[in-house]
Amino acid sequence: MKLGIVGLPNVGKSTLFNAITSAGAEAANYPFCTIEPNVGTVAVPDKRLEFLAEMYKPKKFTPAVIEFVDIAGLVRGASKGEGLGNKFLENIRRTDAIVHVVRCFDDENVIHVEGGTDPMRDIDIIDLELIMADLEMVTRRLDKVSKAARGGDKRFKHEAELFEALRDHLDGGRSARSFETQSDDDAALLATSDLLTLKPVIYAANMDEDGIADFQNNGYYKAVKARADAEGAQVLPICAKTEQELTELPEEERAMFLEELGLAESGLDRLIKCSYALLGLISFLTAGSDECRAWTIVNGTKAPQAAGKIHSDFERGFIRAEIVAFDDLKACGSMAAAKEKGLVRSEGKEYVMRDGDVTLFRFNV
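As the structure is a prediction and not an experimental result, all values here were calculated from the model.

So, how was this worked out
Residues numbered from 1 in each chain as written. Predicted model: local features only at pLDDT ≥ 70, side-chain atom pairs only at ≥ 80, totals over all residues. Heavy atoms only, no water. Axes fitted to C-alpha atoms, helices over the stretch in contact; angles between N-to-C directions. Helix = DSSP H or I, 4+ residues; strand = E, 2+ residues; numbered from the N terminus. Parallel < 35°, antiparallel > 145°, perpendicular 65-115°, else oblique. Left-handed = near helix turned anticlockwise from the far one by under 90°. Contact = heavy atoms within 4.5 Å. pLDDT = per-residue confidence, 0-100. Phe/Tyr/Trp six-rings, centres within 6.5 Å; stacked < 30°, edge-to-face > 60°. Buried < 20%, exposed > 50% of the residue type's maximum accessible area, 1.4 Å probe, protein only. Lys NZ or Arg CZ within 6 Å of the ring centre and 35° of its normal.

## Some details on the packing of helix α4 (residues 119-149) against helix α5 (residues 154-171)
Orientation of α4 relative to α5, taken along the N-to-C sense of each, is 155 degrees, at an axis distance of 9 Å. One element, α4, and the other, α5, form an angle in the roughly antiparallel class. Crossing geometry of α4 relative to α5 is assigned as left-handed. For the pair α4 and α5, contact is made by I131, D134, L135, V138, T139, R141, L142, V145, S146, A148 and A149 and by F156, K157, E159, A160, F163, E164, L166, R167, L170 and D171, respectively.

Rendered as structure tokens:
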């Protein structure tokens, strides 16, 4: 999974990126500090996998990972080349979802390129630049398809009609996410266009320490949450500065620090949960003396396709999956005990995987 972190300059993007990846991207008080996209890969914390590692003492421990891309601050006119321009819009195209960092704090010592704090205005600026970039791409696609449709091919004619409707929708200042398709085939066709505004969004409402302490009553946060709710997006209340400070503490002091702030989890943990919920992802687990590993799949994936995540041969020669729910395995204390109690199930090709399934695939090729 790859997430692109976007926003206006000086809203806390690189500070947040530093905090969640400890990659050390430069963060400074002026626009365009991030000139090339910084990339950091982080392991997805999973207590279940840690428990399995304690049980099996494997030679290898492999958690799921997320790649974060910190993209330079966008400004008005980015779709036309202003600021650092189109190059950075292309970086966003290669991500699965967008983390849109929105400034939700006042600080006269931190420059705001638009003159002051206004989360709705800031979101609108970024949205408009992404929409304009998509409009240009859709117009090019429409020109190409329209020429092909003149030959009488009904498939191209329908595609031209679909993209013409999308062009008009975008031209009205609305994102591709809000464009309603008439069928799954149409939705799949749109997905091939790699549109920026088709990507799911998490709004990271970046507050100062006072704001995060009582974020439910923070006016800026409430405005962002209302926007996210209306769009079907996720919203993450966060203080990037606090998250940065958290990474500088010894591991044993972090929980205490979070507790003092009234937070149950770090920003990274909460961001990962938001990401999985937004993209409809779950994890199944494989365990043994060689390796304990978490595998990320889309919720609703059937057993053979899950097996294919490990190796194509597993899917091609799928026989069955031997599965025990993690909670059952933990309660039993060992796989042998879980088998004695009849909690290890044999599932076939139609089985839909569940989050936390501890799985052994049987196959033959």
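## Some details on the confidence of the model for the protein chain
The predicted coordinates ought not to be read in detail in places where the model reports low pLDDT. Averaged over all residues, the pLDDT of the protein chain equals 87, while 90% of them reach at least 70. Low pLDDT, under 50, characterises residues 25-35; the predicted model gives this stretch 32 contacts beyond four residues in sequence or across chains.

## So, the packing of aromatic side chains
Within the structure shown, the criterion is met by six aromatic pairs. When the centroid spacing of 6.3 Å and the interplanar angle of 15 degrees are considered together, the rings of F284 and W295 count as stacked. Taken together, the positions of F284 in strand β8 (residues 281-286) and W295 in strand β9 (residues 291-298) put the pair 11 residues apart, joining distant regions of the chain. With a relative accessible area of 0%, F284 lands in the buried category. Considering the side-chain rings of F284 and F361, the 5.8 Å spacing of their centres and the 85 degrees angle between planes classify their relative orientation as edge-to-face. With a gap of 77 residues between them, F284 in strand β8 and F361 in strand β12 (residues 357-363) connect regions that are remote in the sequence. F361 sits in the buried class, given a relative accessible area of 7%. Three or more aromatic residues joined by ring pairs form one cluster here, namely F284, W295, F318 and F361. The residue whose ring lies beneath R293 is W295, and the NZ or CZ to ring-centre distance is 4.0 Å.

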